[in-house]
Amino acid sequence: MRVRRMPIIYNEQEKTITLHTRNTSYQMKIGPCDLLLHTYYGPKAQGDMSWCLSFRDRGFSGNPYDAKLLRGISADTLPMEYPCEGSGDFRAPAFSMRRANGAVGCDLRYVSCEIKPGKYALDGLPTVYADGEEAETLEVTLADEAAGVRVLLQYGVFPSLDVITRAARIENCGEGSILLQAAASASLDFVSGDWDLMHFYGRHAGERAVGRTAIEQRELLIGSRRGTSSHQQSPFVILADRETTELHGPCVGMSLLYSGSFSCNASRDQFGTTRAVMGIQSEHFDYPLEPGEAFQTPELALVYSGEGLARLSQRFHRMVSQHVCRGPWKNRRRPVLLNNWEATDMDFTGERILNIAKTAAELGVEMLVLDDGWFGARNDDNAGLGDWTVNTEKLGCTMGELADKIRSMGMKFGLWIEPEMVNEDSDRYREHPDWALCIPGKAPVMGRNQLVLDFSRPEVVDAIFEQITQVLDECRADYVKMDMNRSITDVYSAVWPGQSQGKILYQYVLGVYRFMDMLLERYPDLLLEGCSGGGGRFDVGMLHYCQQIWCSDNTDAIDRVRIQYGTSFGFPLRTMGAHVSAVPNGDTRRKTPLHTRAVVAMAGTFGYELDLNLISDEEKKQVPAQIETFKKYWNLLHNGLFYRLTDVMQNRQEAAWMMVEEDGSEALVNIVVLDSTGNSPNRFVRCMGLTPGASYKDEESGMVYDANALMAQGLPMPMVQHPRRPVKVTPNEYDAFQIHLVRI
Ligand code: DGJ
């Protein structure tokens, strides 16, 4: 009998389970000995794909006991859907457990599957949600009853988004306790192809550079052990065919919806199969399960594109902006804000803030955000965290009064918080030293001279929430910037029994999610911006709560071009917090024109981070014009299809990107000159995504271009006026241009 329900098809005769999106297909096969095999992920395809399986008898690749004399059946050589340690598969496992008797390993086999309408949700964890979109859920049960473990593989299929999500729920169905040692969200095996791993690495103030490394016969391991997703590696990777470019070739993106430590292991096995396993970091993860208890992995979102990296990114952008982000700000233009951090640091008074706000309001800024330093004894970063009481002496008024004054200028008001942290020099710590993560008898590792509060404990989360919301209630904050400024160490919690210490980091992340959920529930209109020393916790998990995340503490326009370029592979522009700051830049000492800083900030949320009283009169005239430009192009900037026109990691001459209205009717080309040289060669920027055969008019110059020619030959680099002579010359280093093309 053939049970058929689109988009998930279980074919009982063939023993295949196939997931179809509009343009892609994914297939599993219930193989011999009930091993669950992975036969396909690629462009839309029909039929039983198990012709790709090779059952050759290979030396030193063991066989399931029940395979008897069929020595070609081996978990070590076949593509496995959820590989586990103990099954004879010696490649990187997705799952590993220790039994009560100390033995490691189990042997998961297929038990059953069920197809359900709609998209599954995960308790306390972020997910891609359907929101009226057609979606289906598949649940596949694997088990090793003798080992006392059952694994529910969860799949969400979004046909029109071309997205498939995966997660796993592990249940102790036995009589003794078990210890989870690895529980990845998903593993993907590709039986053919030469694949590269693209990963997004960096550092504080230098996040998400693009790395591209051939996956060969050794394990490539990237991830974070920092308790957060980290500045150093992003929980977003791409497997790209070696020949894949922006517009051509196959690639698969894996985006983990989790904001804690994670890992991705990619390797090519002895017979040419490429495997990528991704999920929660298994180091510091010994997760005990008593009989009847279960563990839920975070979700991983998968996108396949057969047409290059641009299409892959566009699919993720749509998924994140429409099916991960929530709340009323999801599709609303965000207010153009000014944040005082780079203008004042913590050295401000209420009067100085009002002075900054007044000029900002006059120039068209729509929201003032008061950053760090408004609470407790917080005048530098050595004290005060944990004491969420307003420093009225410093402000010269209450927070409610300050917010009212700012509102009377016609602006909204936002506030910075860092709820997960405590300074030893704080009343909170003096009262509850045990609330900080700390190993008894060991001096803790300090970071920014602060300690991490134990957010795995609900009472700690509740107490901080209670105090912070008193201030937010009082000032009726329209916006909150939620920061987190150190990596997590000294993971020990007095309340978890010894065996359970391995649960803390996971429960901590759940505590952070609960904190944000409570904030959104209490303030349904709140615009929440995530932050972790800039982009140290920039992941799709956070974006389920925050509509935007401060992309980097580095606001230098030229460095930001590279940081935002890398971020754009997995995240939409509208989620990248980006501001115009003062020059010379505090980080790089580089001077860039105000216009360039604005063009770069418009490839993000767009705002300001400087005292506008201190810029020249000439520059003051530019600010309202920039805000108008942002408002004019907002829809295109934040909703248009995004194309990276140059590879910023390789091309040091110019950076270019463009946004195209989904119907092709208009486009905005953005160019930043990275380098200039005397008597320079002619330069062109090849456009992408325009309507083939159509003509486009440059709105400003009136010039008409053929779309095919713009995409093949390229748009000539604009020329600029010579400062003294009546001639046009090539632009200077750091000049920037926006060219608005309208289809005619
Ligand atoms: C780090 C953030 O990234 C900055 O923008 C600022 O909010 C500081 N923390 C404040 O301490």
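Residues numbered from 1 in each chain as written. Predicted model: local features only at pLDDT ≥ 70, side-chain atom pairs only at ≥ 80, totals over all residues. Heavy atoms only, no water.

A. Layout of the overall build of the protein chain. When helices and strands are tallied, the protein chain shows twelve helices and 42 strands. Over its C-alpha trace the protein chain gives a radius of gyration of 27 Å, about what one expects of a compact globule, namely 27 Å for 744 residues. In terms of its C-alpha atoms, the protein chain occupies a principal-axis envelope of roughly 85 × 70 × 45 Å. Evaluated residue by residue, the protein chain yields a buried proportion of 63% over its 744 residues. Taking the intrachain contacts of the protein chain between residues at least 6 apart in sequence as the baseline, contacts between residues at least 24 apart amount to 68%. For the protein chain, the computed accessible surface area is about 27300 Å², with 48% contributed by carbon and sulfur atoms. Within the protein chain, the 97 negative side-chain charges are centred at a point lying 4 Å from the centre of the 76 positive side-chain charges. (Helix = DSSP H or I, 4+ residues; strand = E, 2+ residues; numbered from the N terminus. Rg over C-alpha atoms; globule rule 2.2 N^0.38 Å. Buried < 20%, exposed > 50% of the residue type's maximum accessible area, 1.4 Å probe, protein only. Contact = heavy atoms within 4.5 Å. Areas by Shrake-Rupley, 256 points an atom, 1.4 Å probe, with all protein chains shown as cover. Lys, Arg positive; Asp, Glu negative; His and termini not counted. Charge placed at Lys NZ, Arg CZ, Asp CG, Glu CD.)

B. Seen up close, the environment of Asn708. Within the element layout of this structure, Asn708 appears in helix 12 (residues 707–712). Look at Asn708 and you get partly exposed, because its relative accessible area is 39%. Placed 578 residues apart in sequence, Asn708 and Ala130 show a C-alpha to C-alpha distance of 37 Å. Setting aside residues up to four positions removed in sequence, Asn708 forms contacts with Pro692 and Gly693.

C. Seen up close, the state of the cysteines. Taken as a whole and assessed by the stated rule, the structure comprises zero disulfides. Cys531 supplies the cysteine sulfur nearest to Cys551, a cysteine that is in no disulfide, at a spacing of 11 Å. You can call Cys551 buried: its relative accessible area is 0%. (Disulfide = S-S within 2.5 Å.)

D. Inspection of the sheet that holds strand 37 (residues 695–698) at higher detail. Read across the sheet, six strands follow the order 33-34-35-42-37-38 without closing on themselves; strand pairing throughout is antiparallel. In this open sheet, the two edge strands, each paired with only one partner strand, are strand 33 (641–644) and strand 38 (704–706). On average, adjacent strands in this sheet sit at an angle of 25 degrees to one another, irrespective of strand direction. Helix 10 (residues 594–601) contacts strand 34 (654–660), strand 35 (666–673) and strand 42 (736–743) of the sheet and is inclined by roughly 55 degrees relative to strand 42. (Pairing = 2+ DSSP bridges. Axes fitted to C-alpha atoms, helices over the stretch in contact; angles between N-to-C directions.)

E. Geometry of the site of the ligand. Around the ligand there are 13 residues in total, and Asp371, Asp372, Lys481, Asp483 and Asp553 lie nearest to it. Between the ligand and the protein, one listed contact pairs an oxygen atom with a side-chain N or O atom of Asp371 at 2.7 Å. Here Asp553 contributes a side-chain N or O atom positioned 2.3 Å from an oxygen atom of the ligand. Relative to its unbound accessible area of 290 Å², the ligand is 98% covered by the protein chains. Residues that form the shell around the ligand fall into these classes: four nonpolar, three polar and six charged. (Near = heavy atom within 4 Å. Polar contact = N/O pair within 3.5 Å; in protein donor to acceptor, adjacent residues only side chain to side chain. Nonpolar A, V, L, I, M, F, W, Y, C, P; charged D, E, K, R; others polar.)

F. View of the side chain of Glu366. Note on placement: Glu366 falls in the loop between helix 3 (350–362) and strand 23 (367–370). Within the structure, Glu366 has its side chain in polar contact with the side chain of Arg333 (distance 2.9 Å). Here Glu366 is in contact with Arg333, Arg334, Pro335, Val336, Met411, Lys412 and Lys631, once residues within four sequence places are set aside.

G. Spatial organisation of helix 3. Between its first and last C-alpha, helix 3 extends 18 Å over 13 residues, near the 18 Å set by a 1.5 Å rise per residue. Within helix 3, burial applies to Gly350, Ile353, Leu354, Ile356, Ala357, Thr359 and Ala360. Phi for Gly364, located one or two positions after helix 3, is positive at around 110 degrees. (Expected span 1.5 Å × (residues − 1).)

H. Representation of helix 10. Burial runs high along helix 10: seven of the eight residues are buried. The complete set of buried residues in helix 10 reads Leu594, Thr596, Arg597, Ala598, Val599, Val600 and Ala601. Buried residues belonging to helix 10 abut helix 9 (557–567), strand 31 (579–581), helix 11 (617–639), strand 34, strand 35 and strand 42.

I. Structural view of the sheet that holds strand 29 (residues 548–550). Strand order across the open sheet formed by nine strands is 30-29-28-27-24-23-22-32-31, with parallel pairing between neighbours. What marks the edges here is a single partner per strand, and that holds for strand 30 (576–577) and strand 31. As judged from the three bridges shared by strand 22 (residues 337–339) and strand 23, these two strands associate in the parallel manner. For Leu338, the partnering residue across the bridge sits in strand 23 and is Leu368. Helix 7 (residues 458–475) contacts strand 24 (412–417) and strand 27 (479–482) of the sheet and is inclined by roughly 170 degrees relative to strand 24.

J. Examining the packing of aromatic side chains more closely. Evaluation of the coordinates by the stated rule reveals 28 aromatic pairs. For the cation-ring pair, Arg644 lies above Phe569, with the distance from its terminal atom to the ring centre recorded as 3.6 Å. (Phe/Tyr/Trp six-rings, centres within 6.5 Å; stacked < 30°, edge-to-face > 60°. Lys NZ or Arg CZ within 6 Å of the ring centre and 35° of its normal.)

K. Summary view of the confidence of the model for the protein chain. Summing up the model confidence of the protein chain, the mean pLDDT is 97 and the portion of residues at 70 or higher is 99%. This model gives residues 1–5 a pLDDT under 50, and the stretch forms nine contacts once residues within four places in sequence are excluded. (pLDDT = per-residue confidence, 0-100.)

L. Examining the pairing of strand 21 (residues 299–305) more closely. Of all the seven residues making up strand 21, seven are buried; the element is thus mostly covered by neighbouring parts of the structure. Burial along strand 21 is two-sided: Glu299, Ala301, Val303 and Ser305 and Leu300, Leu302 and Tyr304, pointing in opposite directions, are all buried. The pairing of strand 10 (residues 163–172) with strand 21 spans four bridges and is antiparallel. Its bridge partner being in strand 21, Thr165 is matched across the sheet by Ala301. Bridge count for strand 16 (residues 251–257) against strand 21 is seven bridges, and the pairing is antiparallel. Bridge pairing in strand 21 links Leu257 to Glu299.

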